[in-house]
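Listed below are the residues making up each chain.
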Amino acid sequence: MSSKPHMSLDELRDQVAACHACPLADGRTQTVFGDGNPNARVLIVGEAPGKNEDLQGVPFVGKAGQNLNKLLEIAGLKREDVFIANVLKCRPPGNRDPRPEEIQLCTPFLREQTRAINPEFIVTLGNFATKFILKTEVGITRLHGTLQTAGRFKVFPIYHPAAAIYDRSKQVALEEDFETLGRLLRQAAPSGEGDA
Ligand code: URA
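Peer 1: I would appreciate a short explanation of the overall build of the chain in the present structure.
Peer 2: Counting its regular elements, the chain contains eight helices and six strands. Ordering the α and β elements of the chain from the N terminus gives α-α-β-β-α-α-β-α-β-α-α-β-β-α. In terms of overall size, the chain behaves like a compact globule, its C-alpha atoms giving a radius of gyration of 16 Å where 196 residues would be expected to give roughly 16 Å. Each principal axis of the C-alpha atoms in the chain carries an extent, and together these give about 45 × 45 × 30 Å. Counting only residues that meet the buried cut, the chain has 47% of its 196 residues in that class. Across the chain, every contact between residues at least 6 apart in sequence was considered, and the portion connecting residues at least 24 apart equals 70%. Of the roughly 9,800 Å² that the chain leaves accessible, carbon and sulfur atoms contribute 49%.

Peer 1: Looking at this model, I keep getting lost on the pattern of salt bridges. Mind explaining?
Peer 2: Pairing between side chains becomes possible if they bear opposite charge and their charged atoms approach one another. Counted under the stated rule, the structure contains six salt bridges. With a shortest N-O distance of 2.7 Å, arginine 96 and glutamate 102 are connected by a salt bridge. By relative accessible area, arginine 96 is classed as partly exposed at 22%. Judged by its relative accessible area of 5%, glutamate 102 falls in the buried class.

Peer 1: Where do I start with the sheet that holds strand β5 (residues 148-150) in this structure?
Peer 2: Strands belonging to one sheet form pairs held by backbone hydrogen bonds; the direction of such a pair is parallel or antiparallel. Pairing is mixed in the open sheet, where six strands are placed in the order β1-β3-β2-β4-β6-β5. Looking at the sheet topology across the chains shown, the edges are occupied by β1 (35-36) and β5. Across four bridges, the pairing between strand β2 (residues 42-46) and strand β4 (residues 121-125) is parallel. Opposite leucine 43, over in β4, you have isoleucine 122 as the bridge partner. Most of the contacts of helix α8 (residues 168-187) go to strand β6 (residues 153-158), to which it runs at about 160°, and overall it touches β2, β4 and β6.

Peer 1: Just to check I follow, could you spell out helix α4 (residues 63-74) for this structure?
Peer 2: Because each turn of an α-helix spans 3.6 residues, side chains separated by three or four positions end up pointing in the same direction. The terminal C-alpha atoms of α4 lie 17 Å apart, and with 12 residues this matches the ideal 16 Å at 1.5 Å per residue to within 8%. The set of residues buried in α4 consists of Ala64, Gly65, Asn67, Leu68, Leu71 and Leu72. All buried residues of α4 fall inside an arc of 155° around its axis, so they share one side. Exposed residues on α4 whose side chains face more than 90 degrees from its buried face are Lys63, Gln66, Lys70 and Glu73. As for α4, its buried residues are in contact with β2, β3 (83-86), β4 and α8.

Cut-off values and rules
- Residues numbered from 1 in each chain as written.
- Predicted model: local features only at pLDDT ≥ 70, side-chain atom pairs only at ≥ 80, totals over all residues.
- Heavy atoms only, no water.
- Helix = DSSP H or I, 4+ residues; strand = E, 2+ residues; numbered from the N terminus.
- Rg over C-alpha atoms; globule rule 2.2 N^0.38 Å.
- Buried < 20%, exposed > 50% of the residue type's maximum accessible area, 1.4 Å probe, protein only.
- Contact = heavy atoms within 4.5 Å.
- Areas by Shrake-Rupley, 256 points an atom, 1.4 Å probe, with all protein chains shown as cover.
- Salt bridge = Lys/Arg side-chain N within 4 Å of Asp/Glu carboxyl O.
- Pairing = 2+ DSSP bridges.
- Axes fitted to C-alpha atoms, helices over the stretch in contact; angles between N-to-C directions.
- Expected span 1.5 Å × (residues − 1).
- Arc of directions from axis to C-beta.

Shown next as structure tokens:
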């Protein structure tokens, strides 16, 4: 099976930085392309940059990011092991939910990032990432912690780490799900470079 990327991550980064396809471009400090290991086994997909991410140009650097870093450790992962991206590359004003037309215009970038990285697992954080990757209307409350597939990718939906900041039961579920992710990663034979 061919897994040749159509575009390199560097080319994609330049395209994202130049994008003015929707009005979110007018309010941004900068785009937030994504960050991490370009050959990662695990691609983590969040929702959209928040204030800190918009200022620093790096995903998950605020409070949710601190939680994500702790959760990754539970799975035996470091940030350098994974690639982290978002459904939207620009911050929605006031951190409102992404709109359908923004998702439609922005997700070709995520699709190309996925092709370029060719991960074994895609971990979707929260409803927006999960619904986009799995093309489902089933909510995260039902799907979290269950192994799914999308094409050749294993998909593991998990609650968004920001949702857990004020909800202890979600944090417990997040920690359990990251433990499961660690087990799944240890069980699955590491795929060879470029293999599907
Ligand atoms: N929440 C997200 O979904 N993505 C980020 O990059 C930061 C917070």
